[in-house]
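Okay, here's what each chain looks like letter by letter:
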Amino acid sequence: MHEAISMVILSAAMVAIISGLAIGGYYFSVQQPRSAEVTIQTKAAEISLVISKNETGTIFGFSTGGSLMTDVELEPYNVTLGLPGGAQSVLLEKHALCIIGSVVADAPAENFSVSSDWQHSDSSGVGSCIRILNGVHVGEQAAFIVPVPTIAYACSASDLNVTVHSVRILLGAIDGEFSASGTFDLLLLKSGWKGVEYCRYASVPSVVEILVDGVRALSFPVCAGDKVSVEIGCICFEPVRLR
């Protein structure tokens, strides 16, 4: 009798242990963090982060499925500077990564965007962001990963008590011969810096406007005697296939 009771208790204990392990296993399995979903959007965000920090970086596990990704040159950005004394027009080269035969869901319909997160105190650390567009390349539908300009603005007084308006327009360009498909790592190598600066003094009160492809990106008032300085820079990155 005692042996039968012992067997029942032992069996019940075994069932409880097994159930506990099963529950515990289920608990741990649902608590395991899921790996980040690999999409064009997530990889474009990683590229944007590298460019914004102005450094070399590797984008691991970039997957295009069976589509071919290559670098292409698009129509340049037309930047118009409405400066005191007359407007100045500047063309910025536009290079992009193009995934041929691919379409990105919920991509914006417009083909241009200006970042609105302008900094009003320090424009030294402003980088560049990325836009994903759908379009056509060589007669085929395609998705484009395009760096877009970012604009920073700061206003300060100089030693001569002159108000200085500083504008910095920066574009991180993906440039270089590149062609790959499948899954690969993308190494972005900083290959150079190109820049130009404009400086004007306002003789009368006016409003300075910065237009990019005809879209007003920034405007601010200036007084007579104010100094307006505009720096336009392009950080060129070269993509290299690792595997």
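Residues numbered from 1 in each chain as written. Predicted model: local features only at pLDDT ≥ 70, side-chain atom pairs only at ≥ 80, totals over all residues. Heavy atoms only, no water.

Draft legend 1. Here's a closer look at the nonpolar core. Membership of the largest hydrophobic core comes to 32 residues, with the highest contact counts inside it found for L81 and I169. With sequence-adjacent residues up to four places away left out, L81 is seen in contact with G86, A87, Q88, I169, Y198, E209, I210, V230 and I232. Grouped together as the second largest cluster of nonpolar side chains are 24 residues, I40, I145, L170 and F184 included. (Core = buried A, V, L, I, M, F, W, Y, C linked by side-chain atoms within 4.5 Å. Buried < 20%, exposed > 50% of the residue type's maximum accessible area, 1.4 Å probe, protein only. Contact = heavy atoms within 4.5 Å.)

Draft legend 2. Layout of the state of the cysteines. Taken as a whole and assessed by the stated rule, the structure comprises 0 disulfides. The thiol of C223 is not disulfide-bonded; the next cysteine sulfur, from C155, is found 9.1 Å away. Judged by relative accessible area, which is 48%, C223 ranks as partly exposed. (Disulfide = S-S within 2.5 Å.)

Draft legend 3. Representation of helix 2 (residues 40-52) within the structure. Here helix 2 spans 18 Å end to end across 13 residues, near enough to the 18 Å set by a 1.5 Å rise per residue. Within helix 2, burial applies to I40, K43, A44, I47, S48, V50 and I51. For helix 2, the angular spread of the buried residues around the axis is 160 degrees, confining them to a single face. At the exit of helix 2 stands N54, carrying a positive phi of roughly 55 degrees. (Helix = DSSP H or I, 4+ residues; strand = E, 2+ residues; numbered from the N terminus. Expected span 1.5 Å × (residues − 1). Arc of directions from axis to C-beta.)

Draft legend 4. Structural view of unusual backbone geometry. The phi dihedral of N161 falls on the positive side, at around 60 degrees, and the residue is not glycine. When you line up the elements, N161 lands in the loop between strand 5 (150-157) and strand 6 (163-174). The exposure class of N161 is exposed, given its relative accessible area of 67%.

Draft legend 5. Seen up close, the environment of V212. Checked against the element boundaries, V212 lands in strand 8 (residues 206-212). Residues V212 and L92 lie 120 residues apart in sequence; the distance between their C-alpha atoms is 9.8 Å.

Draft legend 6. Here's a closer look at the pattern of salt bridges. Summed over the entire model, instances satisfying the criterion amount to 3 salt bridges. Ionic pairing is found between E231 and R168, a salt bridge with its closest N-O pair at 3.8 Å. Placement of E231 in strand 10 (residues 227-241) and of R168 in strand 6 is noted, with a sequence separation of 63 residues between them. Its relative accessible area of 28% is what places E231 among the partly exposed residues. One salt bridge connects E209 with R216, and the closest N-O pair in it is separated by 3.4 Å. (Salt bridge = Lys/Arg side-chain N within 4 Å of Asp/Glu carboxyl O.)

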